[in-house]
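# Observations on chain architecture
Listed below are the residues making up each chain.
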Amino acid sequence: MITLEHVCKTYQVSKRDAGFSSALKALFHREYEYIHALDDVSFTIQDGEMVGYIGPNGAGKSSTIKILSGILTPERGVCLINGLVPWKNRIEHVRNIGVVFGQRSQLWWDVPIADSFELLKEIYRIDDSLYRRNLEELCAMLQLSDLLKTPARQLSLGQRMRCEIAASLLHSPSLLFLDEPTIGLDAVSKLAVRDFILKLNQEKKTTVILTTHDMQDIEALTSRIILIGKGSILLDGNIEDIRQDYPSTEEALAAFYRSHDL
Amino acid sequence: MKLYGKYFAMHLKSLMEYKTSFFLTCIGQFLVSFNVFLGMYFMLRRFSTVQGFTYNEVLLCFGITLMEFSLAESVARGFDTFDSMIRQGEFDRVLVRPRNEILQVLGSRIEFSRIGRILQAVVMFVYGFSVSKVHWTFGKILAVVLMLIGGTVIFTGIFLVYAALCFFTIEGLEFINIFTDGAREYGKYPVSIYGKRMLQLCTFVIPYALIQYYPLLYLLDRGKPYYPLLPLAACLFFLPCFLLWKLGVKHYTSAGS
């Protein structure tokens, strides 16, 4: 179970005008601006749930994911995931989670995928039988068998994303974070990825938290959405809550953003 | 340790993909250091000694320092290029894995091409030894081994400081090179030639002298009997570096995406 209570995160950003003279000025006197990436965020997610975490760019989605996965420490607030505080019990906590950053690869560029997987086996200390079972299962579900011998640099984006997802699941985590997993994928790959996530959630009861800008992802996958804007939670509920009479979820969401001045 | 071995194998496999590039880099590394070697050769042919050290003894000194530095650079390259790891947000990935951060950063880069420089260092070292008529004893072998270990630890420590500072600012960290590349260049000669003040600084602040000057004196039969053990004391330098790194990790704020 994930509980987040009154979490705040502020970034200090140095600021200056363009141009040489202001660059010179900034050398001696720097002006800072404080950005409230997260401002009193609270929610609870039960085991086995699948939640879509959405919001415009810069709303605080990634910051939340980073706090939940133990990368960032918030200034204030409580965060408990299966009884652990992510940034305090980092190593214990991350053993149980998988993270896919859609924009960043965790596969080794020049070596076959299978070698990257082997390294992960070592990193997570997965024992042989579990590793073999998981690998077989993931290969079957994501159709990876032909890709294992190819270096990551020779894979298409869709193929690579499937490998990324498999790489995050080799240690059978009970919680999976997907940060824009369908970004830039073609229709076929998108459907394959969605199918897989759905199956994973239903069959393995893996808790999935998904951030995306693709409303079709949300429609296909989640019943619950948490919508964040300017660092605060604006809506925690069902996609139907904002859908109303709009012809598509996309437009409903855009109207929602506009009405909240995001 | 087993994990580091795994990383090592991965880098070796990646390397196989770009064989020519690897060999050319090695040759380049070798030639650059060879150039320095020639420079010293010509200078010392003129002056024959530097503050009581002969050409061959200076060679010995340079060989060891260069070897220490190159070893540290091969191992700790991940720290040396840590700013790009921060910039690209790769450090996030390190933090979501259930292993020690330092081990993972070390594993992220292993620079095999430094073998060129290490080879050059070994050549110089062996040559320096054979011509400066050092008689081998157990103590001297111990001294050389400890020098190599201590030196690698100190240079790795400085790389670690560099990486730790990356957590606070990414700009303007070039000055750290004074302590790494700079030390390698100055380390050509025994520290004592730079004066007493410098020797004190290099003994008590950044203990270069403990891995170079003092044990070297011992090798040349001019030092006190405890000198070979000084590199061990130098390893203490790693502690504050490590603490600074820990502080940096706490301060980490990640990059936007």
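A brief structural summary.

Cut-offs applied
- Residues numbered from 1 in each chain as written.
- Chains lettered and ligands numbered in written order.
- Predicted model: local features only at pLDDT ≥ 70, side-chain atom pairs only at ≥ 80, totals over all residues.
- Heavy atoms only, no water.
- Helix = DSSP H or I, 4+ residues; strand = E, 2+ residues; numbered from the N terminus.
- Rg over C-alpha atoms; globule rule 2.2 N^0.38 Å.
- Buried < 20%, exposed > 50% of the residue type's maximum accessible area, 1.4 Å probe, protein only.
- Contact = heavy atoms within 4.5 Å.
- Areas by Shrake-Rupley, 256 points an atom, 1.4 Å probe, with all protein chains shown as cover.
- Lys, Arg positive; Asp, Glu negative; His and termini not counted.
- Charge placed at Lys NZ, Arg CZ, Asp CG, Glu CD.
- Pairing = 2+ DSSP bridges.
- Buried area = accessible area lost by both parts, 1.4 Å probe.
- Salt bridge = Lys/Arg side-chain N within 4 Å of Asp/Glu carboxyl O.
- Polar contact = N/O pair within 3.5 Å; in protein donor to acceptor, adjacent residues only side chain to side chain.
- Axes fitted to C-alpha atoms, helices over the stretch in contact; angles between N-to-C directions.
- Parallel < 35°, antiparallel > 145°, perpendicular 65-115°, else oblique.
- Left-handed = near helix turned anticlockwise from the far one by under 90°.
- Nonpolar A, V, L, I, M, F, W, Y, C, P; charged D, E, K, R; others polar.
- Expected span 1.5 Å × (residues − 1).

## Remarks on the overall build of chain B
On a plain count of helices and strands, chain B comes out with 15 helices and two strands. Whereas a compact globule of 257 residues would reach a radius of gyration of roughly 18 Å, chain B reaches 19 Å, a difference of no more than 12%. Dimensions of chain B, computed from C-alpha atoms along their principal axes, come out at roughly 60 × 40 × 35 Å. The buried share of chain B, reckoned over its 257 residues, is 55%. Partitioning the contacts of chain B with sequence separation of at least 6, the portion at a separation of at least 24 is 76%. When the accessible surface of chain B is summed, it comes to about 12,100 Å², and 68% of that surface belongs to carbon and sulfur atoms. Positive and negative side-chain charges in chain B, numbering 24 and 15 respectively, have mean positions lying 6 Å apart.

## A word on the pairing of strand 3 (residues 50-54) of chain A
Residue and element names in this part refer to chain A. Counting buried residues in strand 3 gives five out of five residues, a clear majority hidden from the surface. Every second residue of strand 3 is oriented toward a common face, with Met50, Gly52 and Ile54 on one face and Val51 and Tyr53 on the other, all of them buried. With four bridges joining them, strand 3 and strand 7 (residues 207-211) adopt parallel strand pairing. By the bridge assignment, Met50 is partnered in strand 7 with Val208. Sheet analysis places strand 3 next to strand 8 (residues 224-229), joined by four bridges and oriented parallel.

## Brief notes about the environment of Phe82 of chain B
All names here are of chain B. Relative to the assigned elements, Phe82 resides in helix 5 (residues 82-87). Spatially, the C-alpha atom of Phe82 lies 8.1 Å from that of Val105, the residues being 23 residues apart in sequence. Setting aside chain neighbours within four positions, we find Phe82 in contact with Phe91, Val105, Tyr162, Ala163, Cys166, Phe167 and Trp245.

## Some remarks on the interface of chain A and chain B
Each partner contributes to the interface: chain A provides 30 residues, whereas chain B provides 30 residues. Each partner contributes to the roughly 2,900 Å² buried at the junction of chain A and chain B, and carbon and sulfur atoms together form 53% of this total. Three residues stand out in chain A for area buried against chain B, namely Arg104, Glu122 and Ile123 of chain A, and they jointly supply 22% of the buried area on that side. For the salt bridge of Arg153 of chain A with Glu17 of chain B, the shortest nitrogen-to-oxygen distance reads 2.0 Å. Where chain A touches chain B, the interface holds 13 residue pairs in polar contact (both at pLDDT 80 or more).

## Focus on the packing of helix 3 (residues 55-75) of chain B against helix 8 (residues 115-131) of chain B
Residue and element names in this part refer to chain B. Between helix 3 and helix 8, whose axes approach to 8 Å, the crossing angle comes to 155°. The angle between helix 3 and helix 8 places the two elements in the roughly antiparallel class. With respect to the hand of their crossing, helix 3 and helix 8 are arranged in left-handed fashion. When its residues are assigned to classes, the contact of helix 3 with helix 8 shows 16 nonpolar, six polar and two charged.

## Remarks on the sheet that holds strand 7 of chain A
Residue and element names in this part refer to chain A. Pairing in this open sheet of six strands is mixed, and the strands run 5-6-7-3-8-9 from one edge to the other. Each edge of the open sheet is held by one strand with a lone partner, namely strand 5 (97-101) and strand 9 (232-238). Averaged over all pairs of adjacent strands, the angle between their axes in this sheet comes to 15°, without regard to strand direction. Where strand 8 lies against strand 9, six bridges are found, and the strand directions are antiparallel. Residue pairing in the sheet places Leu227 in a bridge with Leu235 of strand 9. Across the sheet, helix 6 (residues 157-169) is in contact with strand 5 and strand 6 (175-179); its angle to strand 5 comes to roughly 160°.

## Regarding helix 2 (residues 19-47) of chain B
Residue and element names in this part refer to chain B. Between its first and last C-alpha, helix 2 extends 43 Å over 29 residues, near the 42 Å set by a 1.5 Å rise per residue. Within helix 2, the full set of buried residues consists of Phe22, Cys26, Gln29, Ser33, Val36, Phe37, Met40 and Leu44. In this fold, the buried residues of helix 2 make contact with helix 1 (2-16), strand 1 (49-50), helix 3 and helix 8.

## Remarks on the environment of Ser63 of chain A
Residue and element names in this part refer to chain A. Among the secondary structure elements, Ser63 is positioned in helix 2 (residues 61-68). For Ser63 and Thr73, which are 10 residues apart along the polypeptide, the C-alpha to C-alpha distance reads 9.8 Å. Excluding residues that lie within four positions of it along the chain, Ser63 makes contacts with Tyr11, Ala37, Leu38 and Leu72. A polar contact is formed between the side chain of Ser63 and the side chain of Tyr11, at a distance of 3.0 Å.

## Points about the environment of Leu24 of chain B
Inspection of the secondary structure assignment puts Leu24 of chain B in helix 2. Distance in space between the C-alpha atoms of Leu24 of chain B and Glu57 of chain B is 31 Å, their sequence separation being 33 residues.

## Let's talk about the sheet that holds strand 4 (residues 76-81) of chain A
Residue and element names in this part refer to chain A. One open sheet holds the three strands; their spatial order is 2-1-4, and the pairing between them is antiparallel. A single partner strand is all that each edge strand has here, and the edge strands are strand 2 (31-45) and strand 4. Put simply, the sheet's adjacent strands are angled 30° from each other on average, direction ignored. As defined by bridge partners, strand 1 (residues 2-15) adjoins strand 2 across 11 bridges and the pair is classed as antiparallel. Looking across to strand 2, one finds that Lys15 is bridged to Glu31.

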